[in-house]
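Chains, contacts and geometry: an overview
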Amino acid sequence: MRLVIARCSVDYAGRLTAHLPSAPRLILVKADGSVSIHADDRAYKPLNWMSPPCTLKEEDGVWTVINKAGEKLIITMEEVLHDSSHELGVDPGLIKDGVEAHLQELLADRLETLGEGWTLIRREYPTAIGPVDILCRDADGGTVAIELKRRGEIDGVEQLTRYLELLNRDPHLAPVRGIFAAQEIKPQARVLATDRGIDCVVLDYDALRGIEDDKLRLF
């Protein structure tokens, strides 16, 4: 990962245009090629970003980041205050709490609740940006990536989207579709998932444990 702190302005040109006036900012360039610009607030959310795959060109104090759709993120450097690179290695991924981990175990063991003929490829399927909760095949032999949460929010949909981008580059797996599964899915997350062609499944923890009727609701 490369960390650059610089006084800069940022322009985005693509489906829409956006401009960030000159100010000190943190620029992150990650090993997956993504570039994001951060202020000293907003928690983890960047002011602007470019998701991989994309290319970065540095010339004459101007960084130009271009993605496969031809959209551009143009960063005009006025003063570089810090520039360092660090090798973080492969991240072991988030250690899930007991309920979330148990949901994964239960669903992997009872994939028939999603449909007859579904088969497991692997739990915690490794990718360069972390493990996919469940990778499986549906009755037609299609590859399905499942991201599990206790509470399904927009961040989980974004996480699954990144996994799908990587998995669909593998010719042995592609095409890969996604399922976002949680005990509760927020309306905004459902809208975003639907827009990206990702199915949503509401999980009943007790039903999966066999305490109640073991039906999942697929929306």
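The structure this text deals with has already been given above.
Since the structure is predicted, the reported quantities are computational estimates derived from the model, not experimental observations.

Okay, the pattern of salt bridges next. The tally for this structure, following the rule as stated, stands at 8 salt bridges. Residues Glu184 and Arg151 are paired through a salt bridge, measuring 3.7 Å at the closest nitrogen-oxygen approach. You can see Glu184 sitting in strand S11 (residues 176-185) and its partner Arg151 sitting in strand S10 (residues 143-152), a full 33 residues away along the chain. Among the residues examined, Glu184 registers a relative accessible area of 36% and is labelled partly exposed. For Glu184, the salt bridge is made with Lys186, and the minimal N-O distance between the two is 3.2 Å. What makes Lys186 partly exposed here is its relative accessible area of 28%.

Strand order in this open sheet of 7 strands is S4-S3-S2-S1-S7-S6-S5, and the pairing throughout is antiparallel. The open sheet terminates on both sides in strands that have one partner only, identified here as strand S4 (48-50) and strand S5 (54-59). For this sheet, the mean inter-axis angle between neighbouring strands, taken without regard to orientation, is 30°.

The next subject is the packing of helix H2 (residues 154-167) against helix H3 (residues 187-195). Closest axis-to-axis distance for the H2/H3 pair is 8 Å, and the angle between their directions is 25°. In terms of their interaxial angle, H2 and H3 are classed as roughly parallel. Contacts between H2 and H3 involve Ile154, Val157 and Glu158 from the former and Gln188, Ala189, Leu192 and Ala193 from the latter. Taken together, the residues that form the contact of H2 with H3 break down as 5 nonpolar, 1 polar and 1 charged.

Mapped onto the elements, Leu135 comes out in strand S9 (residues 132-137). Here Leu135 falls in the buried class, since its relative accessible area comes to 0%. Each residue touching Leu135, except ones within four places of it in the same chain, is listed here: Leu120, Ile121, Arg122, Tyr125, Thr143, Val144, Ala145, Leu167 and Leu173.

Looking along the chain, the bond that leaves Pro52 and enters Pro53 is cis, with omega of 0°. Checked against the element boundaries, Pro53 lands in the loop between S4 and S5. One non-glycine residue, Asp60, lies in positive phi territory at about 50°. Structurally, Asp60 is set in the loop between S5 and strand S6 (62-67). For Asp60, a relative accessible area of 81% puts it in the exposed group. The phi torsion at Glu124 lies on the positive side, around 50°, for a residue other than glycine.

Burial of S9 is extensive: 5 of the 6 residues sit out of reach of the surface. Here strand S8 (residues 119-125) runs beside S9; their pairing, made up of 5 bridges, is antiparallel. Bridge pairing in S9 links Leu120 to Cys136. Here 4 bridges tie S9 to S10, and the two strands are oriented antiparallel to one another.

Reading the values: rules and limits
Residues numbered from 1 in each chain as written. Predicted model: local features only at pLDDT ≥ 70, side-chain atom pairs only at ≥ 80, totals over all residues. Heavy atoms only, no water. Salt bridge = Lys/Arg side-chain N within 4 Å of Asp/Glu carboxyl O. Helix = DSSP H or I, 4+ residues; strand = E, 2+ residues; numbered from the N terminus. Buried < 20%, exposed > 50% of the residue type's maximum accessible area, 1.4 Å probe, protein only. Pairing = 2+ DSSP bridges. Axes fitted to C-alpha atoms, helices over the stretch in contact; angles between N-to-C directions. Parallel < 35°, antiparallel > 145°, perpendicular 65-115°, else oblique. Contact = heavy atoms within 4.5 Å. Nonpolar A, V, L, I, M, F, W, Y, C, P; charged D, E, K, R; others polar.

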